[in-house]
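Observations on the three-dimensional arrangement
The residues making up each chain are set out below.
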Amino acid sequence: MLRIAIIIGSTRPGRKGEAVAKWAYEIAQKRSDAEFELVDIEDFNLPLLDEPMPPIMGQYTHNHTKRWSEKIASFDGYVFVTPEYNHATSGALKNAIDFLYAEWVNKAAGFIGYGGVSGARAVENLRLIMGELQVATVRAQVGLSMFTDFENFSVFKPAPIQEKHVHVMLDQVIAWGGALRTLREKQAQGAE
Ligand SMILES: Cc1cc2nc3c(=O)[nH]c(=O)nc-3n(C[C@H](O)[C@H](O)[C@H](O)COP(=O)(O)O)c2cc1C
């Protein structure tokens, strides 16, 4: 079974990201074409990147990096739930992404953004980062507006149509995640 992580991209006290990610996880749980796991970067207590070697070398010295590596390596695809901070993704999510390299390569990703313009600029920022990590990003994305998906810009109350948007995005992540898993298996056989 294909494994997809739904990653909470905010660590701020009082973050809205947790409610958004849990909502997406509940929707994903209705599907039987993949296995889903909620991954909270907060749980990994990652400091600002503190590995002496660039992650592409795969020489991790710290337990927090090894733990994060093991978790991320176990998935075929990712759904990044990202806030928009100053027209980009959060520093916490960028830092968590920067810790690893091979764990991301040849996987698929979709995005759920939220903010004043539905997190659109944060998602565009993440798409650029994913390109360097050889992550295939799907076209469909979920954009949650502070104006229409949050009551008084604060309590998360997504418009009903957003559930459909989550499914369309997941359809694409699962299709590409499966294709890329086949590619990784072929590459692993070729390397034997
Ligand atoms: C440092 C910071 C920068 C922000 N910059 C933007 C921004 O550029 N565009 C936007 O739409 N919202 C921006 N916001 C508002 C966030 O979208 C809103 O606070 C959201 O709840 C943040 O997600 P979180 O609660 O999960 O951390 C910013 C918030 C913070 C804390």
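Below is a short write-up of the structure. Here the residue index of a chain counts from 1 through its sequence in written order. The predicted origin of the model limits local features to residues at a pLDDT of at least 70 and limits the giving and counting of side-chain atom pairs to 80 or more, whereas totals for whole chains, interfaces and linings rest on all residues. Side-chain measures here rest on the full set of heavy atoms in the structure, leaving out hydrogens and waters.

Side note on the overall build of the protein
- Helix and strand definitions follow DSSP, with helices as H or I runs of at least four residues and strands as E runs of at least two, each counted in order from the N terminus. Secondary structure assignment for the protein yields 5 helices and 7 strands.
- Listing each helix as α and each strand as β along the protein from the N terminus yields β-α-β-α-β-α-β-α-β-β-β-α.
- In terms of overall dimensions, the protein is globule-like: its C-alpha atoms have a radius of gyration of 16 Å, near the 16 Å expected for 192 residues.
- A principal-axis box enclosing the C-alpha atoms of the protein has dimensions of 55 × 35 × 25 Å.
- Within the protein, the proportion of its 192 residues that are buried is 47%.
- Any pair of residues with heavy atoms lying within 4.5 Å of one another is described as a contacting pair. Contacts in the protein between residues at least 24 apart in sequence constitute 78% of all its contacts with a sequence separation of at least 6.
- Within the structure as shown, the protein displays about 9,400 Å² of accessible surface, and the carbon and sulfur contribution to it stands at 54%. To get the radius of gyration, use the C-alpha atoms; to get the globule rule, take the number of residues to the power 0.38 and multiply by 2.2 Å. For every residue, the accessible area obtained with a 1.4 Å probe (protein chains only) is divided by the maximum for its type, and the residue is called buried under 20%, exposed over 50%, and partly exposed between those limits. Under the convention used here, a 1.4 Å probe and the Shrake-Rupley method define accessible areas, while residue burial counts only the protein chains that appear.

Notes on the packing of aromatic side chains
- In this scheme Phe, Tyr and Trp rings, the latter by its six-membered ring, pair at centre separations within 6.5 Å, and the angle between planes marks the pair as stacked below 30 degrees, edge-to-face above 60, and tilted otherwise. All told, the structure shown has 10 aromatic pairs when counted by the stated rule.
- Where Phe147 meets Phe153, the ring centres are 5.0 Å apart and the plane angle is 85°; that geometry is what we call edge-to-face.
- Taking the relative accessible area as the measure of exposure, Phe153 reaches 47% and is therefore partly exposed.
- Of the aromatic side chains, those joined through ring pairs into one cluster are Phe75, Tyr78, Phe80, Trp104 and Phe111.

Points about the site of the ligand
- Residues are classed as near a molecule or strand on a simple rule: at least one heavy atom within 4 Å of it. The full set close to the ligand counts 16 residues, and Arg12, Lys16, Tyr85, Tyr114 and Gly116 are the nearest of them.
- Two N or O atoms count as a polar contact when they lie within 3.5 Å, although within protein this holds only if one can serve as hydrogen donor and the other as acceptor, and sequence-adjacent residues are included solely when both atoms are side-chain atoms. Here a nitrogen atom of the ligand and a side-chain polar atom of Glu84 are 3.0 Å apart.
- In the complex, the protein chains occlude 73% of the 610 Å² of accessible area that the ligand would expose alone.
- Note on residue classes: Ala, Val, Leu, Ile, Met, Phe, Trp, Tyr, Cys and Pro are nonpolar, Asp, Glu, Lys and Arg are charged, and everything else, Gly too, is polar. For the shell around the ligand, a count of residues per class yields 5 nonpolar, 6 polar and 5 charged.

Description of the sheet that holds strand E3 (residues 77-83)
- Taken in spatial order, the 5 strands line up as E2-E1-E3-E4-E5 in an open sheet, and their pairing is parallel. Among the strands making up the open sheet, the edge pair consists of strand E2 (35-40) and strand E5 (135-145). In this sheet, neighbouring strand axes are inclined to one another by 20° on average, regardless of whether the strands run parallel or antiparallel.
- Angles run from 0 to 180 degrees between N-to-C directions of axes, and those axes are lines fitted to C-alpha atoms, restricted for helices to the stretch in contact. Set on the sheet, helix H5 (residues 161-191) makes contact with strand E1 (3-8), E2, E3, strand E4 (107-115) and E5; between it and E5 the angle comes to about 165°. Should DSSP find at least two bridges between two strands, the strands are regarded as paired.

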